[in-house]
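Listed here are the chains, written in short residue letters.
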Amino acid sequence: MGKGKQVRRATRKPGSLMVLTLIIMITMMSLVLLALGIVSIPSISGSGGGTSPQKVHDLTSILRTTLPESSDQWVELLSWEPRAVVYHHFLSKDECDYLIDLAKPHMAKSTVVDEKTGKSRDSRVRTSSGTFLPRGRDKIISNIEKRIAHFTFLPLEHGEGLQVLHYEVGQKYEPHFDYFLDEFNTVNGGQRIATVLMYLSDVESGGETVFPNVKGNKSAVPYWNELSECGKEGLSVKPKMGDALLFWSMKPDASLDPSSLHGGCPVIKGDKWSATKWIRVDEYQT
């Protein structure tokens, strides 16, 4: 009886199997990221008339996201250097009026931080008046602070108490950094990482928040022609009741960001009220 025909089975090398598995995993991960919108495929311009790719610092491209809970609330991306966004209609008119009425009886001349001693001192670079509201002072303030924590993705406990500021005609705050250049102020809560500036009133003219060190096309904002001369010295945000400006004083690698230099332009016409929340790297003890 003759020997039967032997069938030789092909064996796959372990190395080839690993490479194939890795390719499948990378492909699946890329599809998931694309679906979630975390990454995108860049558009390519060509002679065929395709869409041209967006520049990294092109401020004409504005990110608008309608939030599900309210059709008139949306977040606008202003800049990547510094990292800055505006949350439109973050506060209601009643909340703005409440903060102003709460602060009015306690307003005093604003001060600045002395770079050598770390203590507060009077200065001509800041001519507003202001007062601090303790963190969690009442239910309304607690609710606002919780929304700030959700907006910034930073713990509520890392925020300082709100500072309410009032700028009359001619008053200003010259360009400055919110991060500390002294060791005195970093002991309690560490370095300031971000700032949330909420506008409590509309301003007829002037009073813009300006970033003179911005890296981008500062004149690309749609309200460029409405800005004061001071406002045209950088990327500017016009004060609008209820809007909240979030900008970061530190880069993602935890280094200080010099492009976060900002100032408050002189008020030309109207009254400017605002509330500021500074957020620290570590938990801040009030």
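Keep in mind the model is a prediction, meaning the values are calculated, not measured.

Caption draft 1: Seen up close, the state of the cysteines. On inspection of all chains with the given rule, the structure shows 1 disulfide. Each sulfur in the disulfide pair Cys230 and Cys265 lies 2.1 Å from the other. Measuring handedness by torsion sign, the sulfur bridge of Cys230 and Cys265 sits at about -80 degrees and is left-handed. Of this pair, Cys230 sits in the loop between strand E12 (209-211) and strand E13 (235-237) while Cys265 sits in the loop between strand E15 (262-264) and strand E16 (267-269), and the two are 35 residues apart along the sequence. Since its relative accessible area comes to 1%, Cys265 is described here as buried.

Caption draft 2: Quick look at the confidence of the model for the chain. Taken as a whole, the chain shows an average pLDDT of 83; of its residues, 71% reach a score of 70 or greater. Per-residue pLDDT stays below 50 along residues 39-66; that stretch engages in 41 contacts with residues further than four places along the chain or on separate chains.

Caption draft 3: Expanded view of the pattern of salt bridges. Applying the stated rule across the entire model yields 9 salt bridges. In this structure, the salt-bridge partner of Lys277 is Glu145, at a minimum N-O distance of 3.0 Å. With a gap of 132 residues between them, Lys277 in strand E17 (residues 272-280) and Glu145 in helix H3 (residues 139-152) connect regions that are remote in the sequence. When its relative accessible area of 3% is taken as the criterion, Lys277 is described as buried. Note that Glu160 and Arg280 form a salt bridge whose closest N and O atoms lie 2.7 Å from each other. One end of the pair, Glu160, is in the loop between H3 and strand E8 (162-167); the other, Arg280, is in strand E17, with 120 residues separating them in the sequence. Taken together, the shared-partner salt bridges in this structure form one network comprising Glu160, Arg192 and Arg280.

Caption draft 4: Molecular detail of the nonpolar core. Counting residues in hydrophobic clusters, the biggest one holds 31 residues, and the most contacted among them are Phe90, Leu91, Leu99, Ile148, Met198 and Leu200. Secondary-structure elements contributing two or more residues to this core are strand E2 (74-80), strand E3 (83-88), helix H2 (93-103), H3, E8, strand E10 (192-199), strand E14 (244-248) and E17. In terms of residues, this core owes the most to one element, H2, which gives 5 residues. Setting aside residues up to four positions removed in sequence, Leu200 forms contacts with Leu91, Cys96, Leu99, Ile100, Val164, Met241, Trp273, Ser274 and Ala275.

Caption draft 5: Just the packing of aromatic side chains, in detail. Tallied over the full model, the rule gives 5 aromatic pairs. Between Tyr87 and Phe151, the aromatic rings sit 5.0 Å apart at their centres with planes inclined by 85 degrees, giving edge-to-face as the arrangement. Of the two residues, Tyr87 sits in strand E3 while Phe151 sits in helix H3, which places them 64 residues apart along the sequence. An identical accessibility class is assigned to Tyr87 and Phe151; each is buried. Residue classification places Phe151 among the buried residues on the basis of a relative accessible area of 13%. Chaining the aromatic ring pairs together yields one cluster made of Tyr87, Phe90 and Phe151. Cation over ring: Arg147 sits above Phe90, and NZ or CZ is 5.1 Å from the ring centre. Note that Lys272 overlies the ring of Tyr167, its terminal NZ or CZ placed 4.9 Å from the centroid.

What counts and what doesn't
The residue numbers shown here count from 1 along each chain, following its written sequence. Per-residue local features of the predicted model are confined to residues with pLDDT of at least 70, and side-chain atom pairs are confined, for both listing and counting, to 80 or more; whole-chain, interface and lining totals are unaffected and use all residues. Hydrogens are left out, water is left out, and the side-chain values use all remaining heavy atoms of the structure. Throughout, a disulfide means two cysteine sulfur atoms within 2.5 Å of one another. Put simply, DSSP marks the helices as runs of H or I at least four residues long and the strands as runs of E at least two long, and each gets a number from the N terminus on. Buried, partly exposed and exposed residues are distinguished by accessible area as a fraction of the type maximum, computed with a 1.4 Å probe on protein chains only: under 20%, between the cut-offs, and over 50%, respectively. Scored between 0 and 100, pLDDT is the confidence that the predictor attaches to each residue. Contacts were defined at the residue level, with two residues in contact if any of their heavy atoms lie within 4.5 Å. We count a salt bridge whenever a side-chain nitrogen from Lys or Arg sits within 4 Å of a carboxyl oxygen from Asp or Glu. Residues belong to a common nonpolar core when they are buried Ala, Val, Leu, Ile, Met, Phe, Trp, Tyr or Cys residues joined through side-chain atoms within 4.5 Å. Whether two aromatic rings pair depends on their centres lying within 6.5 Å, for rings of Phe, Tyr and Trp, where Trp uses its six-membered ring; planes under 30 degrees apart make the pair stacked, over 60 edge-to-face, and the rest tilted. Working rule: Lys NZ or Arg CZ, within 6 Å of ring centre, within 35 degrees of ring normal, means a charge sits over the ring.

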